[in-house]
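Residue strings, one per chain:
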Amino acid sequence: LNRVQSLPKGFIWGGATAAYQVEGATKVDGKGKTMWDDYLQAQGRFSPDPASDFYHRYPEDIALSKKYGLNAIRLSIAWTRIFPKGYGEPVQAGVDYYHRLFKECLDNGITPYVSLHHFDSPKTLFDDGDWLNRKNIDYFVDYAKFCFDEFKEVKNWFTINELISLAFSQYIQGNFPPNHHFDVTSAIQAQHNELLAHARVVNLFKDGGYDGRIGLIHVLQPVYPYPVTPENQHAADLDDAFMNAFLLDGTFKGEYTPKTMKLINEILDANDAHLDIQLGDMDILKKASTRNDFFGLNYYQPSFFAAYDGDSTNTFNGTGTKGTTSFKFKGVGQAVKNPDIPTTDWDWNIDPEGLYDILKRVSIEYPNIKEIFITENGLGMKEDLPEGVTDDTIIDDPKRIDFVDQHVAALLKARSEGVNVNGYFIWSLQDQFSWANGYNKRYGLFFVDFTNQKRYVKKSALWYKELADTMPK
Ligand code: BG6
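Values in this document were obtained by computation on a predicted structure and should not be read as measured data.

**Points about the overall build of the protein chain**
Per the secondary structure count, the protein chain includes 15 helices and 15 strands. Taken over the C-alpha trace, the protein chain has a radius of gyration of 21 Å; the compact-globule value for 473 residues is 23 Å, and the two agree within 12%. Dimensions of the protein chain along its principal axes, counting C-alpha atoms only, are 60 × 55 × 45 Å. Contacts spanning at least 24 positions in sequence make up 78% of the contacts within the protein chain whose residues lie at least 6 apart. Seen as two clouds, the 49 positive and the 64 negative side-chain charges of the protein chain have centres 4 Å apart.

**Section: the pairing of strand β15 (residues 454-457)**
As paired elements, strand β14 (residues 446-449) and β15 share 4 bridges and run antiparallel to each other. Residue pairing across strands places aspartate 449 opposite lysine 454, the latter belonging to β15. From the end of β14 to the start of β15, which pair antiparallel, there are 4 residues, and glutamine 453 there has a positive phi angle of about 65°.

**Here's the deal with the site of the ligand**
In the vicinity of the ligand lie 14 residues, with Gln21, Glu162, Ser434, Lys441 and Tyr443 positioned nearest. Between glutamate 376 and the ligand, the recorded distance is 2.8 Å, taken from a side-chain N or O atom to an oxygen atom. Within the contact set of the ligand, an oxygen atom lies 2.8 Å away from a side-chain nitrogen or oxygen of tryptophan 435. Alone, the ligand offers 380 Å² of accessible surface; in the complex the protein occludes 91% of this. Of the residues in the shell around the ligand, the class split is 6 nonpolar, 5 polar and 3 charged.

**A few points about the sheet that holds strand β11 (residues 333-336)**
Ordered by their spatial adjacency, 5 strands build an open sheet running β6-β8-β11-β10-β9, and the pairing between neighbours is mixed. Taken across any chain shown, the strands that pair with only one partner, and hence form the sheet edges, are β6 (223-225) and β9 (313-314). Pairing analysis gives 3 bridges linking β6 to strand β8 (residues 303-306), with the strands arranged parallel. Looking across to β8, one finds that valine 223 is bridged to serine 303.

**Brief notes about the pattern of salt bridges**
One pass over the structure, following the stated rule, counts 32 salt bridges. For the salt bridge of lysine 123 with aspartate 38, the shortest nitrogen-to-oxygen distance reads 4.0 Å. Placement of the pair is lysine 123 in helix α6 (residues 123-127) and aspartate 38 in helix α2 (residues 37-43), with a sequence separation of 85 residues. The residue glutamate 255 makes a salt bridge to lysine 286 at a minimum N-O spacing of 3.4 Å. Separated by 31 residues along the polypeptide, glutamate 255 in the loop between α10 (230-252) and α11 (258-270) and lysine 286 in helix α12 (residues 281-289) bring together distant segments of the chain. Glutamate 255 sits in the partly exposed class, given a relative accessible area of 35%. Among the charged side chains, a salt-bridge network with shared partners connects Glu383, Asp397, Arg400, Asp431, Arg442 and Lys458.

**A look at the pairing of strand β4 (residues 156-161)**
Burial within β4 is extensive, with 6 of its 6 residues counted as buried. In this structure, strand β3 (residues 111-117) lies alongside β4, joined through 4 bridges in parallel fashion. Opposite serine 115, over in β4, you have phenylalanine 158 as the bridge partner. Pairing between β4 and strand β5 (residues 213-219): 4 bridges, direction parallel.

**Quick notes on helix α8 (residues 163-171)**
Among the 9 residues in α8, 9 count as buried, and that is most of the element. The complete set of buried residues in α8 reads Leu163, Ile164, Ser165, Leu166, Ala167, Phe168, Ser169, Gln170 and Tyr171.

**Some thoughts on the packing of helix α9 (residues 184-207) against α12**
Orientation of α9 relative to α12, taken along the N-to-C sense of each, is 55°, at an axis distance of 8 Å. Overall, the two elements α9 and α12 adopt an arrangement that is oblique. Between α9 and α12 lies a crossing whose hand is left-handed. Residues His192, Leu195, Leu196, Ala199, Arg200, Val202, Asn203 and Asp207 of α9 touch α12, and the partners they reach there are Asp281, Met282, Ile284, Leu285, Lys287 and Ala288.

**A closer look at the sheet that holds β5**
Ordered in space as β1-β2-β3-β4-β5-β7-β12-β13, the 8 strands form a closed barrel in which the pairing is parallel. Going from strand to strand, the sheet's axes swing by 30° on average, the running direction of each strand aside. Across 4 bridges, strand β7 (residues 294-298) lies against strand β12 (residues 372-376) in parallel orientation. The partner of phenylalanine 295 across the bridge, within β12, is isoleucine 372. Those strands touched by helix α15 (residues 459-470) are β1 (12-16) and β13 (421-426), and its axis lies near 155° from that of β1.

**Structural notes on the state of the cysteines**
Under the definition given, this model contains 0 disulfides. Between cysteine 147, a free cysteine, and cysteine 105, which holds the nearest cysteine sulfur, the sulfur-to-sulfur gap is 15 Å.

Procedures and definitions
Residues numbered from 1 in each chain as written. Predicted model: local features only at pLDDT ≥ 70, side-chain atom pairs only at ≥ 80, totals over all residues. Heavy atoms only, no water. Helix = DSSP H or I, 4+ residues; strand = E, 2+ residues; numbered from the N terminus. Rg over C-alpha atoms; globule rule 2.2 N^0.38 Å. Contact = heavy atoms within 4.5 Å. Lys, Arg positive; Asp, Glu negative; His and termini not counted. Charge placed at Lys NZ, Arg CZ, Asp CG, Glu CD. Pairing = 2+ DSSP bridges. Near = heavy atom within 4 Å. Polar contact = N/O pair within 3.5 Å; in protein donor to acceptor, adjacent residues only side chain to side chain. Areas by Shrake-Rupley, 256 points an atom, 1.4 Å probe, with all protein chains shown as cover. Nonpolar A, V, L, I, M, F, W, Y, C, P; charged D, E, K, R; others polar. Salt bridge = Lys/Arg side-chain N within 4 Å of Asp/Glu carboxyl O. Buried < 20%, exposed > 50% of the residue type's maximum accessible area, 1.4 Å probe, protein only. Axes fitted to C-alpha atoms, helices over the stretch in contact; angles between N-to-C directions. Parallel < 35°, antiparallel > 145°, perpendicular 65-115°, else oblique. Left-handed = near helix turned anticlockwise from the far one by under 90°. Disulfide = S-S within 2.5 Å.

Structure (structure tokens):
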């Protein structure tokens, strides 16, 4: 605990949420459909309703946040609550909801950090090509401007959450709609177009002189060769370019460096794929690249890669990740298991060193990064309510405490070596709906009984509070 006394006053100690994963109420107050609604219904595996019923119960979750020492919360605005089709006339009920929510946060001393897009593209725009359609970037910019003009109480903005997760899950892994597999052209184009959308919004925010700060969120997955050989190192470099470097370069350098493009071109060539960069695109990225006030870094796990010389295949079954499923990517490499690294209930690698490594790397390679927050980190587990539960039951989750403790230690180590990381948001504040895993993968500090929406405190929340109380005020 004493370690955290080295943190600066005002260090952000938060909990993270995302609109579609917590709000529920997907069919009320004029909300439009996202790309998920019909898809989930057709799958029939789980429904986004009621999720954690945050739409109605946010005062309870904000009260818990306050009680357990948090000083910040990550939220996202559901684009479709405000513009049901992604454009047109705003829906007042949606606007009012977010004003009420932000007020509740601020009245309780919980600073809201707000994303404009967290995996929930409006269905209308998704049907029209989603990020692959450049017209949709215009709609995103209009929606962002509306939010900046309307929600003046919000001072900390993120444009898009995890650009790679969208591109990769939609077009490579196929576990997000529209379920394309190894469509390399779409995946790389989506990355570029999302970067453009981000950069245009940052430029709008700065040129418009809005009061507040802005950035974006990348999930970074360090890629290590396993075992270490020159061939495996090259496979790891290729995967890193596709998953990390392309987006980091585009965001914080405003150019795709020759080193990154050499690797990306190798992947494109092997897959007969191409990237379309239009005249003026790079000027937009360049202009925005020095204007991000902060960088939100989500970290869960590294992956381990080996060389592979065959066609793409993926036996992804909806619960694993490429870190441990047999994921083979033509022209890149294959994911392999490192037996020395422990894993979660979902076979995700547990490796706090990866967080330290990636923090060091971005701070060295991307000097335009001014400030970093860990915007997501946490442990997804199978957890049940114990027999004979009462309102006062505390759910025991020692593995989560251990996980967070180790990752906070990695953060502190990086900080002590000069990395300017000033906040940590646990994923997640309360148990939530998980995109590919529904309701049985729990990350929360607070247990949610999804049958009646009751909240129970987990031991990790008590531990989190102790840490918050120990930090300099
Ligand atoms: C991040 C997302 O990728 O990982 C969250 O931003 C997501 O929305 C989290 O829930 C954990 O992923 P999963 O699949 O375990 O829910």
